[in-house]
Amino acid sequence: MTDILKDLNKPQQQAVTTTDGPVMVIAGAGSGKTRVLTYRVAYLLSIGIAPYNILALTFTNKASREMRERVASLIDPSKAKSLWMGTFHSIFARLLRAEAPKIDYPSNFTIYDTDDTKRLIRNIIKEQQLDDKTYSPAYVLSRISHAKNNLISVEAYNEDFEIQTQDIQSRKPKLGLLYSIYQQRLRKASAMDFDDLLFNTNVLLRDFPEVLYKYQQRFSYILVDEYQDTNYSQYLIVKKLAANNENICVVGDDAQSIYAFRGANIQNILNFKKDYPEYKLFKLEQNYRSTQHIVNAANGIIANNKDQIFKKVWTSNEAGEKVHVVKTANEGDEASWLTSRIFSIQANDQLPYSSFAILYRTNAQSRALEEALRRMNIPYRIFGGISFYQRKEVKDVLAYFRLIINPMDEDAFLRVINFPARGLGQTTVSKLLSVANDTGKSLWEVACNPTDYNAGLHAGARGKLEQFVTLIKGFGALLFKVNAFELGEKVLNLTGIRRFYFEDGSAESINRRENIEELLSGLKEFVSARPEEEGETEHSMRTLDEFMQDIALLTDVDVKEKRQNNTSDDSNKVSLMTIHAAKGLEFPYVFITGAEENLFPSIMSIGSREELEEERRLFYVALTRAMKLATVTYAETRFKYGNFSFCEPSRFIDELDPEHTNFLAGPGMKKVQTKTIDDFGNGLARFKKLGHANQPTKKPEQITSQKLVNQHPPHQTKNNLTPDAGQTDFSILTPDMLQINTMVQHQRFGTGTVVGLEGGAQNAKATVVFKNFGKKQLLLKFARLKVISQQ
DNA sequence: AAAGCGGTACTTTTT
DNA sequence: GTACCGCTTT
């Protein structure tokens, strides 16, 4: 072990071997931060610390996975397995499951993601009959989230004079009420959102000293990665757990804090000094990643920030090329200029396309870039977008899983009760909802005994509801009897989801089908990938319940990683992503696009110094991703929200030191000018300071373009037959003329075969598979089907 | 039940 | 420009 210390420079070595007492490591970009963390863990193990006594907290699953793998390669892999290493959320979700009853939650509580949460909030706003412009779900959520991250409970929120005044002044006096109802509903559903995982951990550690003591003993060595990104709630958990022996090591870089908008608090770095006066500070200042010009240009940028910890990042790498700055006429030119540039560099230097990254401030910018890359036939990979687990079809299946595991889960219940359609529509659901709200019972409870609660359902609805309840109960009985994959298969088959997506031939359905297949193979992998862990009996089997716990805190990136490992051919592609997504990554050639005022820095952030400094740190992060060459591009005009707008070059371009910058002539362009925290108390003060969102002070200069001439003539699609387009009369049919297998003709969908019939009289419905349009459910009252042939 | 229409709003987002 | 929502029509 001692010889691996040779891989480290002096301050890195100190950061690794100073194991006892509080340690803070300020790690400049590219200075080997991850290396220090992994070596420190390996070092602790090598001096005899038991792996289960080490708690290592990261912000992403990816970071924790990488760290675990790297530790495993340095030392005994079996030891690496029993480390407490993971994201804040996953580690404390695990802890909460073990201790849930203490805070009145069942241990099978559901974790709501942002999507579920938004649905719930939207429903509450609607129920309260509030205007969803004043109370936009996104705003309400961010307000609640900020409160929770600063440990302000519902009670504290509603009792606090200043917060109340603020809300009244901004004419949103009901925020406190919404917060209160939201928390009630989560609890009723036995659900926690992401912020609750941390909030409730704080409650647990505050109210149960014996629990706190237990975990203080267990986690005798604590490491925290990306400390600059911790919020108050996370900060306090760490502080409490470390209070006993203070063997705590935090690693971060204040210059790379780019998540303050989500509640991260750089103050936590500065507070470290106060909390642990005898702490040791190590600064990693040697950059191993970038050229001198890049490092110096980046230093020059960050020097414009007032809030920072002094450090001098330097490198012994070659001087390299100056940072390039290029001006183009518009976003199309920008895209094609940089695309041909990438093409020529890779051709000249025989580089794989994976050496290049194109970064942008907002996802919307990717389109023009993608188009240019496609035109040039350059392979690329785009990061971000809709997460696998967020896709509708995947969420639908997962909602069944959630309901099986936790029938109290209201969001899941509402999501699946009529999917696939089983005649339990809006009317039935609102009846159930009103009973549930009136009696305070869960929807599930009411659905199980509709008669007892006088839900007022018709016999038909009652029958269907009973079928549905029985179906879910049946799955529930199997939860611990069959493995996750088998149960998943049963759910797909017996609920009709499989039929719903698989009999339909439309392109969209094929896509959805593939995603469902992917989910299934995920289940299969999960049940078969039983790692050789200690204490396994032949009975051991991985259940759906475990699967859901596993994926609850996974994100898009994690799924992609997995897929990538399977497919492999992604190595030769240009990477496109937001700067946020690029954090922690490095590329030989980096293009930073859209360096324009109001875009980067974002118009939303130019109102306050704090927010502007965050944008600047973002620019710093972008620059320091580059190993060999960083190129900054901007456009004179950009098509935004359907309008052309004129753009000013970003102020960050002016801040680039000319000594390290090369202003290239773009396509036909001229040059540019050049305290002791008493638990929940302190959060209140911090929260108030935050106040409400800043109003933008400046409007982008915009001209309204005369609308471009509509490119398509008024359409005359072939499928858009009018009744008089040579078709015979479509008479209204009565259901009894149809049977399974009847061939029918539809005005728009053409010919098809009846595969199902339901309902009678007014609401008779037929399920028809059309040759060209796939499966449709049609209300016969409107569909005007014509019988072509029987049988 | 599903499609079509018109109005509206829009950053970043590890969990 | 487009994605999304709610309302209307079939």
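Reference entry: report on the structure contained in this document. None of these values were measured; they are calculated from a predicted model.

Cut-offs applied
Residues numbered from 1 in each chain as written. Chains lettered and ligands numbered in written order. Predicted model: local features only at pLDDT ≥ 70, side-chain atom pairs only at ≥ 80, totals over all residues. Heavy atoms only, no water. Buried < 20%, exposed > 50% of the residue type's maximum accessible area, 1.4 Å probe, protein only. Helix = DSSP H or I, 4+ residues; strand = E, 2+ residues; numbered from the N terminus. Arc of directions from axis to C-beta. Contact = heavy atoms within 4.5 Å. Polar contact = N/O pair within 3.5 Å; in protein donor to acceptor, adjacent residues only side chain to side chain. Expected span 1.5 Å × (residues − 1). Axes fitted to C-alpha atoms, helices over the stretch in contact; angles between N-to-C directions. Parallel < 35°, antiparallel > 145°, perpendicular 65-115°, else oblique. Left-handed = near helix turned anticlockwise from the far one by under 90°. Nonpolar A, V, L, I, M, F, W, Y, C, P; charged D, E, K, R; others polar.

With respect to helix 17 (residues 366-375)
Quick reminder: α-helices carry 3.6 residues per turn. Residues three or four places apart thus point the same way.
Next up, step 1: Turning to helix 17, its buried residues number three or more, namely Ser366, Leu369, Glu370, Ala372 and Leu373. All buried residues of helix 17 fall inside an arc of 165 degrees around its axis, so they share one side. Along helix 17, the residues that are exposed and aim more than 90 degrees away from the buried face are Arg367, Arg374 and Arg375.
Next up, step 2: On the buried face of helix 17, the contacting elements are helix 16 (331-349), strand 10 (356-360), strand 11 (380-382) and strand 12 (574-578).
Next up, step 3: Just past helix 17, the residue Asn377 takes up positive phi, approximately 60 degrees.

Description of unusual backbone geometry
Next up, step 1: For the bond from Phe419 to Pro420, the omega torsion is -10 degrees, close enough to zero to count as cis.
Next up, step 2: For Pro420, the location among the structural elements is in the loop between helix 19 (410-416) and helix 20 (426-439).
Next up, step 3: Even without being a glycine, Asp104 presents a positive backbone phi close to 65 degrees.
Next up, step 4: Phi at Ser190 is positive, roughly 50 degrees, even though this residue is not glycine.
Next up, step 5: Its place among the elements puts Ser190 in the loop between helix 10 (175-188) and strand 5 (191-193).

Notes on the environment of Tyr589
Next up, step 1: Checked against the element boundaries, Tyr589 lands in strand 13 (residues 587-592).
Next up, step 2: The exposure class assigned to Tyr589 is buried, which follows from its relative accessible area of 6%.
Next up, step 3: Put simply, Tyr589 and Lys628 are 39 residues apart on the chain and 6.0 Å apart in space, counted from C-alpha to C-alpha.
Next up, step 4: Setting aside its immediate chain neighbours within four residues, Tyr589 contacts Ile345, Asp349, Leu351, Ser355, Phe356, Ala357, Lys628 and Leu629.

So, the side chain of Ser31
Next up, step 1: Inspection of the secondary structure puts Ser31 in the loop between strand 1 (23-27) and helix 2 (33-46).
Next up, step 2: From its side chain, Ser31 meets the backbone oxygen of Gly28 in a polar contact 2.6 Å long.
Next up, step 3: Excluding anything up to four places from it in sequence, Ser31 contacts Gln12, Leu284, Gln286, Asn287 and Tyr288.

A few points about helix 22 (residues 459-478)
Next up, step 1: For helix 22, with 20 residues, the first-to-last C-alpha span of 29 Å sits near the 28 Å given by 1.5 Å per residue.
Next up, step 2: When we look at burial in helix 22, the residues that qualify are Ala461, Leu465, Phe468, Val469, Ile472 and Phe475. An end-on view of helix 22 places all buried positions within 120 degrees of arc, on one side of the element. Across helix 22 from its buried face, at more than 90 degrees, point the exposed residues Ala459, Glu466 and Gln467.
Next up, step 3: On its buried face, helix 22 sits against helix 18 (392-405), helix 19, helix 20, helix 21 (443-448) and helix 23 (484-495).

Describing the packing of helix 18 against helix 26 (residues 544-551)
Next up, step 1: At a minimum axis separation of 10 Å, helix 18 and helix 26 run at an interaxial angle of 120 degrees. Overall, the two elements helix 18 and helix 26 adopt an arrangement that is oblique. For the element pair helix 18 and helix 26, the recorded crossing hand is left-handed. Residue-level contacts link Leu398, Phe401, Arg402 and Ile405 of helix 18 to Leu544, Asp545, Met548 and Ile551 of helix 26.
Next up, step 2: Looking at side-chain class alone, the contact of helix 18 with helix 26 contains 6 nonpolar, no polar and 2 charged residues.

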